[in-house]
Number of protein chains: 2
Amino acid sequence: MKVVRTIAELREALRPGHPARACESQDHLGQNPDTASRIGMVPTMGALHEGHLSLLQRARAENDLVILSIFVNPTQFSEASDLDAYPRQEAQDAALAESAGVDVIFAPSAAEMYPAGFATTVSVSGAITETLEGAGRGSSHFDGVATVVAKLLLAALPHRAYFGQKDAQQLRVVQRMVADLGIPTEIVSCATSRDADGLARSSRNVRLSETDRQRALVIPRALAAVSAAAASGETEVVALRTLAEGILAEGSVDPEYLAFVNPESFAPATTVSGTVLCAIAARVGEVRLIDNELLNPPSLPISKEN
Amino acid sequence: MKVVRTIAELREALRPGHPARACESQDHLGQNPDTASRIGMVPTMGALHEGHLSLLQRARAENDLVILSIFVNPTQFSEASDLDAYPRQEAQDAALAESAGVDVIFAPSAAEMYPAGFATTVSVSGAITETLEGAGRGSSHFDGVATVVAKLLLAALPHRAYFGQKDAQQLRVVQRMVADLGIPTEIVSCATSRDADGLARSSRNVRLSETDRQRALVIPRALAAVSAAAASGETEVVALRTLAEGILAEGSVDPEYLAFVNPESFAPATTVSGTVLCAIAARVGEVRLIDNELLNPPSLPISKEN
């Protein structure tokens, strides 16, 4: 397993003949036309947990070369305290990555990603970025996400990149950006990975006290309850909201938002006639958690992705 | 020569194994690993003139496969009348392109480039986009340029793309965007192509009356005079400005701007100690013209690019 710090090194680690290397190493082109290898990429902010490992395992199974990127992207944090508190544990991450069969870790510095004079932003407009996390974390959050993911994908030009459904809105922003710009990467959405008690895996979970962790379990319970109710034929979002609010109250969890939206457009939904995304954000103790479920009416098969 | 209308068709026209085809035709990958071919792209808005032909000839000489894109991009026009008046002559363009050895013309519709739901913008911030053309044409002009060029380059992932120095600010925006996002394409800047009388070639020139065309010649004359003065040792922008204003006045041309800026940052320059870009925009009759020269002090060699 290689650990590389620069885009040039990352491209050097790719097959000769791969267009991501076009500018850097023109002399190599044509010498070894072995470009049939499939490249899978898992972009992360490090602090790897079993959720990340499930993404890496899928990437390993579906590709010839697996790249893990680790970059705590400053431009998507609205609060310096959150950026500072974000866990960093690269040595441990590298050991986990190696055990998961990663070929290349790309762990750039902020100066490598945003050198002096950097002036370009990729933005997605509309409800996808303006509501929920976009409203809660500031409008620049998803600009930061879209820009860094565009740059990471263009650095490696992977055939597939893997994202968790847990960050549903981020996934949708990335899908929209990649489709709109025509980045030739398939965005693979992967089901939310959960601990045995149901809590969605997150790098932030390590900051929960044991008491707060128990309280936080009302979040996946509320989501499971509304999902079951929808699958049983409850179509009214008003009723589903009341159900979820009751369960959250059992843990004294006051959600920042409890939203029912169209999973493509993020426009508010009032009935579960097609698939509806139910998303929750809540601060439990000092830690802000998010989680979601895709709700399907009885007439629709259960989504494979969640 | 092929003429294609969709991104999928364009990618189909590229070599199997080229990553731009990764999503569309995974089954083809590895069957023909002939990816050593160099792809050159010349993005245009059509209405080809000899300036475009010089770009195409250079692309032809330096690459194995040459793509000409023709797309009158609505998002970079601030005035609907200018968009409507922009000349469109695809049959004539295709004949010229074939004579120049173009392999593929990519001529998409606006609906192909911006399908329903399109929501992504690529922006470059700072003086590069806010001054001169950015001030004159509205702040969205260069967002439109950066977004469409990003999308065109990602559609084909060419090794090289060719732009004229005549649109100096556009060239700099594209260079900045491509460097910042890491699009693996070399941006090749090509010297401004001029008619025998010195007028910079532009698709808009056909709309000049004979009288206005004669008046417009003071623009290249003013640029040539300041370039010669700088090369002879005049370093004060105040003096160079007075010289240019005097020549423009001979044609009764009142410039929208006559600017002396750093060619990288577009920050205003007061002395010609290094290379300085002198740029002029002026409306002559109904037609808005732009032109520029790179000025070099006697201590610097003349730039190859202009």
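Residues numbered from 1 in each chain as written. Chains lettered and ligands numbered in written order. Predicted model: local features only at pLDDT ≥ 70, side-chain atom pairs only at ≥ 80, totals over all residues. Heavy atoms only, no water.

### Some remarks on the overall build of chain A
This is how it is decided: In DSSP terms, a helix is any run of H or I states spanning at least four residues, a strand is any run of E spanning at least two, and both are numbered starting from the N terminus. Note on method: radius of gyration uses C-alpha positions; expected globular size equals 2.2 Å times residues raised to 0.38. Partly exposed describes any residue whose relative accessible area lies between the buried limit of under 20% and the exposed limit of over 50%, with all areas from a 1.4 Å probe on protein chains only and scaled to the type maximum. Should any heavy atoms of two residues lie within 4.5 Å, those residues are considered in contact. Here Asp and Glu are counted as negative and Lys and Arg as positive; His is not counted, and neither are the chain ends. To locate a charge, the coordinates of NZ of Lys, CZ of Arg, CG of Asp or CD of Glu are taken.
A count of helical and extended segments in chain A gives 12 helices and 10 strands. Compactness check: chain A gives a C-alpha radius of gyration of 20 Å against a globular reference of 19 Å for 306 residues, within 12% of the reference. Seen along its three principal axes, the alpha-carbon backbone of chain A occupies a region of about 65 × 40 × 40 Å. For chain A, with 306 residues in total, the buried portion stands at 57%. Sequence separation of 24 or more characterises 71% of the internal contacts of chain A that already satisfy a separation of 6 or more. Between the centroid of the 26 positive side chains of chain A and the centroid of its 37 negative side chains there is a distance of 2 Å.

### Here we look at the UniProt feature "active site" (unreviewed entry) in chain A
Residues and elements named next belong to chain A. So the rule is basically this: UniProt positions are given in the numbering used here, feature names are shortened, and annotations may be inferred rather than shown by experiment.
On the UniProt side, "active site" (unreviewed entry) is annotated at positions that read His52 here. With respect to the helices, strands and loops of the structure, His52 is situated in helix H2 (residues 50-62). Beyond its immediate sequence surroundings of up to four residues, His52 is in contact with Thr44, Gly46, Ala47 and Ser203.

### Considering the UniProt feature "binding site: (R)-pantoate" (unreviewed entry) in chain A
Residues and elements named next belong to chain A. This is how the line gets drawn: Counting of polar contacts relies on pairs of N or O atoms within 3.5 Å, with two restrictions inside protein: one atom must be capable of donating a hydrogen and the other of accepting it, and residues adjacent in sequence are counted only when both atoms are side-chain atoms.
Here, the residues flagged by UniProt with the feature "binding site: (R)-pantoate" (unreviewed entry) are Gln76 and Gln170. In sequence the annotated residues extend across 95 residues, while in space they remain close, none of their C-alpha pairs exceeding 10.9 Å. Mapped onto the elements, Gln76 comes out in the loop between strand E3 (65-70) and helix H3 (80-85). Classification of Gln76 by relative accessible area gives buried; the value is 8%. Not counting residues within four places of it along the chain, the set of residues in contact with Gln76 comprises Met45, Arg137, His141, Gly144, Val145, Val148 and Gln170. A polar atom in the side chain of Gln76 sits 2.9 Å from the side chain of Asn73.

### Considerations on the packing of helix H8 (residues 140-156) of chain A against helix H9 (residues 168-181) of chain A
Residue and element names in this part refer to chain A. Heads up, the condition is: Interaxial angles span 0 to 180 degrees and are taken between N-to-C directions of axes, which are lines fitted to C-alpha atoms, for helices over the stretch in contact. Reported orientations rely on four angle classes, namely roughly parallel under 35 degrees, roughly antiparallel over 145, roughly perpendicular from 65 to 115, and oblique for the rest. Take the far helix as your reference; a near helix turned counterclockwise from it by less than a right angle gives a left-handed crossing, and one turned clockwise gives a right-handed crossing. In this classification, Asp, Glu, Lys and Arg are treated as charged, Ala, Val, Leu, Ile, Met, Phe, Trp, Tyr, Cys and Pro as nonpolar, and every other residue, Gly included, as polar.
For the pair H8 and H9, the least separation of the axes is 10 Å and the interaxial angle reads 55 degrees. Relative to H9, the element H8 is oriented oblique. Crossing of H8 over H9 shows right-handed handedness. Listed contacts from H9 to Phe142, Val145, Ala146, Val149, Ala150 and Leu153 of H8 are Gln169, Gln170, Val173, Val174, Met177 and Val178. Looking at the contact of H8 with H9 residue by residue, the class counts come to 10 nonpolar, 2 polar and no charged.

### Topic: the sheet that holds strand E9 (residues 276-284) of chain B
Residues and elements named next belong to chain B. Just so we agree on the cut-off: A pair of strands counts as paired when DSSP detects no fewer than two bridges linking them.
Strand order in the open sheet made by the 3 strands is E8-E9-E10, with antiparallel pairing throughout. Looking at strand neighbours, the two that pair on one side only are strand E8 (255-261) and strand E10 (287-295), the edges of this open sheet. Across the sheet, the mean angle separating the axes of adjacent strands is 10 degrees when strand polarity is ignored. With 6 bridges connecting them, E8 and E9 associate as antiparallel partners. What sits directly across from Tyr257, in E9, is Ala281. Helix-sheet contacts for helix H11 (residues 218-231) involve E9 and E10, and the interaxial angle to E10 is about 15 degrees.

### Regarding the nonpolar core
Worth spelling out the cut-off: In this description, a nonpolar core means a group of buried Ala, Val, Leu, Ile, Met, Phe, Trp, Tyr and Cys residues linked to one another through side-chain atoms lying within 4.5 Å.
Counting 82 residues, the largest nonpolar core has Ile67, Met177 and Ile183 of chain A together with Ile67, Met177 and Ile183 of chain B as its most contacted members. Excluding residues within four positions of it along the chain, Met177 of chain B makes contact with Thr120 of chain A together with Val122, Val124, Ala146, Val149, Ala150, Gly182 and Ile183 of chain B.

### Concerning the environment of Glu250 of chain A
All names here are of chain A. Residue position: Glu250 is located in helix H12 (residues 237-250). Exposure remark for Glu250: the relative accessible area of 61% places this residue in the exposed category. Linking Glu250 and Ile7, residues 243 residues apart in sequence, is a C-alpha distance of 49 Å.

### Points about helix H4 (residues 90-99) of chain B
Residues and elements named next belong to chain B. The cut-off we apply is this: This arc describes the spread of directions from the helix axis toward the C-beta atoms.
The set of residues buried in H4 consists of Asp93, Ala94 and Ala97. Seen end-on, H4 carries its buried residues on one side only, within an arc spanning 100 degrees. Projecting away from the buried face of H4 at angles above 90 degrees are the exposed residues Ala91 and Ser99. Packed against the buried residues of H4 are strand E3 (65-70) and strand E4 (104-106). Gly101 occupies a position one or two residues after H4 and carries a positive phi of about 85 degrees.

### A word on the sheet that holds strand E7 (residues 186-190) of chain B
Residues and elements named next belong to chain B. The strand order across the open sheet built from 6 strands is E1-E4-E3-E2-E6-E7, with neighbouring strands paired in parallel fashion. Sheet topology places strand E1 (2-4) and E7 at the edges, where each strand pairs with a single neighbour. Neighbouring strand axes in the sheet, compared pairwise and without regard to direction, differ in orientation by 25 degrees on average. With 5 bridges joining them, strand E6 (residues 160-164) and E7 adopt parallel strand pairing. Pairing of Arg160 across the sheet is with Glu186, part of E7. Lying over the sheet, helix H9 (residues 168-181) contacts E6 and E7, oriented at roughly 165 degrees with respect to E7.

### Notes on the pattern of salt bridges
Rule in force here: For this analysis, a salt bridge means a side-chain nitrogen from Lys or Arg found within 4 Å of a carboxyl oxygen belonging to Asp or Glu.
Scanning the model with the defined rule gives 34 salt bridges over all chains in all. A salt bridge links Asp197 of chain A to Arg213 of chain A, with the nearest nitrogen and oxygen atoms 3.0 Å apart. You can see Asp197 of chain A sitting in the loop between strand E7 (186-190) and helix H10 (210-216) and its partner Arg213 of chain A sitting in helix H10, a full 16 residues away along the chain. Classification of Arg213 of chain A by relative accessible area gives buried; the value is 17%. Among the salt bridges present, the one from Arg201 of chain B reaches Asp195 of chain B, with a minimum N-O distance of 2.8 Å. When salt bridges with common partners are traced through the structure, they connect Glu50, Asp195, Asp197, Arg201 and Arg213 of chain A into a single cluster.

### A few points about the domain arrangement of chain A
Residues and elements named next belong to chain A. Basically, it comes down to this: Domain segmentation is taken from an automatic or database assignment of domains. Summed over both partners, the accessible area lost on bringing two parts together, with a 1.4 Å probe, is the buried area.
Split by domain assignment, chain A resolves into domain 1 (2-190) and domain 2 (203-295). On a C-alpha basis, the centroid separation for the pair domain 1 and domain 2 is 28 Å. Contacts between the two partners involve 23 residues from domain 1 and, on the opposite side, 19 residues from domain 2. Carbon and sulfur atoms make up 52% of the area that domain 1 and domain 2 hide from each other, which totals about 1,700 Å². When the area that domain 1 buries against domain 2 is broken down by residue, the three leading residues are Leu132, Glu133 and Arg172, summing to 32%. Linking domain 1 to domain 2 there are 3 salt bridges.

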